[in-house]
Amino acid sequence: MSALGIEVETTYTLTDRSDGLASVEATATVSGAEDAGFEFPGAPSIPGLEMRFENLSGALEGSYELDEATGLASAYSMNMTMETDMVMEMPQAEGQPAGGSSMSMSMSMETTVEGTLGRAE
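These remarks concern the structure in this document. (Residues numbered from 1 in each chain as written. Predicted model: local features only at pLDDT ≥ 70, side-chain atom pairs only at ≥ 80, totals over all residues. Heavy atoms only, no water.)

## Some thoughts on the overall build of the protein
Phase 1 of the analysis: Helix and strand content of the protein: 0 helices and 6 strands.
Phase 2 of the analysis: For the protein, the proportion of its 121 residues judged to be buried stands at 19%.
Phase 3 of the analysis: Intrachain contacts of the protein at a sequence separation of at least 6 include 58% that bridge at least 24 residues.
Phase 4 of the analysis: Total accessible area on the protein stands at roughly 8,800 Å², and carbon and sulfur atoms take up 51% of it. (Helix = DSSP H or I, 4+ residues; strand = E, 2+ residues; numbered from the N terminus. Buried < 20%, exposed > 50% of the residue type's maximum accessible area, 1.4 Å probe, protein only. Contact = heavy atoms within 4.5 Å. Areas by Shrake-Rupley, 256 points an atom, 1.4 Å probe, with all protein chains shown as cover.)

## A few points about the sheet that holds strand E6 (residues 102-116)
Phase 1 of the analysis: Pairing is antiparallel in the open sheet, where 6 strands are placed in the order E1-E2-E3-E4-E5-E6. Where the open sheet ends on each side, the last strands, each with one partner, are strand E1 (2-3) and E6.
Phase 2 of the analysis: Relative to E6, strand E5 (residues 73-89) is paired through 15 bridges, and the arrangement is antiparallel. Paired with Glu-83 across the strands is Ser-108, a residue of E6. (Pairing = 2+ DSSP bridges.)

## So, the nonpolar core
Phase 1 of the analysis: Ranked by size, the top nonpolar core spans 9 residues in total: Ile-6, Val-8, Ala-28, Val-30, Phe-53, Leu-56, Leu-60, Met-80 and Met-82.
Phase 2 of the analysis: Going through the elements one at a time, strand E2 (6-18), strand E3 (21-32), strand E4 (50-67) and E5 are the ones with two or more residues in this core.
Phase 3 of the analysis: Among the elements that take part in this core, E4 stands out by supplying 3 residues, more than any other.
Phase 4 of the analysis: When neighbours within four sequence positions are excluded, Ile-6 is seen to be in contact with Met-1, Val-30, Ser-31, Ala-33, Phe-53, Leu-56 and Met-82. (Core = buried A, V, L, I, M, F, W, Y, C linked by side-chain atoms within 4.5 Å.)

## Let's talk about the environment of Thr-15
Phase 1 of the analysis: Counting through the fold element by element, Thr-15 comes out in strand E2.
Phase 2 of the analysis: Residues Thr-15 and Glu-25, 10 residues apart in the sequence, show an inter-C-alpha distance of 6.8 Å.
Phase 3 of the analysis: With residues up to four places along the chain from it excluded, the contact list for Thr-15 reads Ser-23, Val-24 and Glu-25.

Nothing here speaks to function; it is all geometry.
In structure tokens:
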């Protein structure tokens, strides 16, 4: 899967089937799409401003319990880590020397989600 300059390659493994439920484990690597820029959804576009991820890496581990009759998840748990440098190249201002300016920011994040799903009564 690839979105917003991030590529995720996931392997799903069926680990158990019992009483109409399937247990699935997921492991993934997270990396940056080559030469992929990105924009923040909903943010206005600024002519000449370029943003990109560099040195993006991470991992994902998770498990799902699926209802075999519907294919829908009834429970899930996922941990994801990611590190990257976000680089912003600024447009050249009128009257300024060529080459423009840039800035970068290193980011590291860890996300954990888990839950159960059921029918509304």
